[in-house]
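For reference, the chains in residue letters:
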Amino acid sequence: MHPELADLDLPEPDALHLPGLAGVRDIKGRIGVWRALLDRPLTSYYLVLGITILLLGLGLVMVQSTGSVADLAAGLSPYSDFKKQLLGAAVGLPLMWVAARSSPRLFRALAYPLLAVAVVGLGLTLIHGVGVSQNGASRWINLGGQQVQPSEIAKLALAVWGADLLARKDRFGQLADWRHMLVPLMPGAGVLCLLVMSGDDLGTTFILLVIFLALLWVIGTPGRVFTGVLILMALAMLLMIVSAEYRFHRLTNFLASQGSATGANMQSIQGKYAVGSGGWFGVGLGASREKWGWVPESTTDFIFAIIGEELGLIGTLCVTVLYGGLAFAGLRIARRVTDVFCRMCATAITAWIVIQAAINIGAVIGVLPITGVPLPLVSAGLSSLLVTLVGLGMLMSFARLEPGAREALAARGPGWPLRVLSWLGLSKRRK
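Because the structure is a prediction, the values reported are computed rather than measured.

(A) Representation of a nonpolar patch on the surface in the model. On the surface, W280, F281, L313, I314 and L317 cluster together to form a nonpolar patch covering roughly 550 Å² of accessible area. With respect to the helices and strands, L313 occurs in helix α14 (residues 303-336). Among the residues examined, L313 registers a relative accessible area of 36% and is labelled partly exposed.

Okay, here's the thing in structure tokens:
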């Protein structure tokens with residue numbers, strides 16, 4: 001090098017500001033930060049908790065927005081539906097917290113009692129004078145002045161019982177034979193589906209079949225057996241559709257032209273009108289026009305349509321991303337836990353909640369037939385809300401068993417309930 005050039009303070013080649021190089025490095029740095037966050041032991045735990053709180057808060061707001069109209073039309077207080085949903089949140093959140101702090105051994109101990117409660121409850125709905133009918137369907141029973149829907153309990157019962165059953169068979173090495181994978185899991189799921197279909201609830205029946213398939217998938221059922229079960233289920237669903245005239249017409253109307261906006265396809269057409277009229281940012285919270293009698297079931301099955309109208313495309317995309325995040329967190333838990341029961345139960349619960357949300361959203365935007373399933377955590381419904389919160393609490397319990405999670409929780413110190421008790425001077429044990 002020339003002596004005069006040696007005295008100059010030139011930058012190193014890597015430090016030169018090449019076009020676009022700094023931006024690429026910045027993007028790589030941000031990706032590395034996000035990967036580091038996702039690799040933390042408690043990422044799944046906080047994802048499930050955060051998404052649950054966000055969806056629950058959105059549900060309370062939207063139930064008040066949509067339910068007030070129906071309540072006024074029925075001569076009730078405009079806060080009637082909101083109070084019921086708030087009661088569900090007030091009861092469900094402590095139940096979720098208890099489930100998150102419980103051991104999987106407790107869930108396994110409750111598997112058969114929970115299944116028995118679901119079967120008895122579904123049977124009670126079929127007894128005249130005990131079951132409560134709405135719109136020609138008997139799906140509820142009256143307990144203490146509140147309507148309880150046992151089919152919601154059946155979803156959680158099948159997930160827990162099926163996972164416990166397969167985990168026991170795996171422990172004894174019985175799952176090498178595909179017949180042990182199906183018996184008695186398949187007959188048990190069939191009994192629940194028949195009882196639910198006796199109450200004319202095709203949507204919940206399909207969700208039960210999704211839970212059943214998720215259990216078979218995660219346990220490693222051979223491809224030919226899994227395909228055979230899929231074909232059998234498709235034939236059963238087709239038989240249930242054609243066996244009822246209104247279900248058959250609903251399917252043919254979905255496949256055929258839409259027709260009049262006030263005719264047989266009013267709910268589907270008006271729901272798409274509501275979503276489309278929201279634009280990018282919506283007409284404003286509480287300013288929906290479609291909820292004034294144009295969209296049937298606007299507080300339950302079609303609440304997503306009102307979200308699209310009031311919060312716009314941005315609001316609907318945020319809701320969709322939240323359910324996508326829940327799917328990521330649930331499957332991450334299933335992949336990382338080592339216990340067979342936890343893995344299968346986490347997969348079943350995740351499939352149940354996420355697929356149910358996808359079916360609800362797909363029906364509203366017109367890509368799937370209307371099946372009458374609620375949007376988890378958002379739609380009005382006490383039974384659905386409570387059971388979903390318990391299921392998410394179980395997911396959080398499984399997340400606490402991920403590698404490194406116990407150490408991270410111990411390093412974090414006592415939780416906020418213990419800190420509150422310590423502030424009050426009540427956390428010290430008496431000698």
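What follows continues from the structure just given.
(B) The pairing of strand β2 (residues 137-143), seen in detail. Relative to β2, strand β1 (residues 131-134) runs antiparallel, the two sharing four bridges. Counted as the bridge partner of S133 is S138 from β2.

(C) Up close: helix α4 (residues 80-101). With 22 residues, α4 ought to run about 32 Å at 1.5 Å a step, and its terminal C-alpha atoms sit 32 Å apart, in line with that. Listed as buried for α4 are S80, D81, Q85, G88, A89, G92, M96, A99 and A100. Next to the buried residues of α4 lie α3 (43-73), α5 (104-109) and α16 (382-399).

(D) Spotlight on the packing of α4 against α16. α16 packs onto α4 with a crossing angle of 20° between their chain directions and a minimal axis gap of 8 Å. With respect to α16, the element α4 is oriented roughly parallel. In this structure, α4 crosses over α16, and the sense of that crossing is right-handed. Touching K84, Q85, L87, G88, A89, V91, G92, L93, L95, M96, A99 and A100 of α4 are L382, L385, L386, L389, V390, L392, G393, M394, M396 and S397, all from α16. Tallied by class, the residues present in the contact of α4 with α16 amount to 16 nonpolar, five polar and one charged.

(E) Structural view of the pattern of salt bridges. Applying the stated criterion across every chain, the model contains eight salt bridges. Notably, a salt bridge pairs D164 with R108, separated by 2.7 Å at the nearest N-O pair. Here the residue D164 occupies a position in helix α7 (residues 150-171), and R108 occupies one in helix α5, the gap between them amounting to 56 residues. Notably, a salt bridge pairs E402 with R332, separated by 3.2 Å at the nearest N-O pair. In this pair, E402 sits in the loop between α16 and α17 (405-412) while R332 sits in helix α14, placing the two residues 70 residues apart along the sequence. Several salt bridges converge on common partners, so that one network encompasses R108, D164 and R168.

Quick notes on the rules
- Residues numbered from 1 in each chain as written.
- Predicted model: local features only at pLDDT ≥ 70, side-chain atom pairs only at ≥ 80, totals over all residues.
- Heavy atoms only, no water.
- Patch = residues over 30% accessible without salt bridge, like charges linked within 9 Å, V, L, I, M, F, W, Y side chains within 5 Å.
- Areas by Shrake-Rupley, 256 points an atom, 1.4 Å probe, with all protein chains shown as cover.
- Salt bridge = Lys/Arg side-chain N within 4 Å of Asp/Glu carboxyl O.
- Helix = DSSP H or I, 4+ residues; strand = E, 2+ residues; numbered from the N terminus.
- Buried < 20%, exposed > 50% of the residue type's maximum accessible area, 1.4 Å probe, protein only.
- Pairing = 2+ DSSP bridges.
- Expected span 1.5 Å × (residues − 1).
- Contact = heavy atoms within 4.5 Å.
- Axes fitted to C-alpha atoms, helices over the stretch in contact; angles between N-to-C directions.
- Parallel < 35°, antiparallel > 145°, perpendicular 65-115°, else oblique.
- Left-handed = near helix turned anticlockwise from the far one by under 90°.
- Nonpolar A, V, L, I, M, F, W, Y, C, P; charged D, E, K, R; others polar.

Interpretation in functional terms is not warranted from these geometric data alone.
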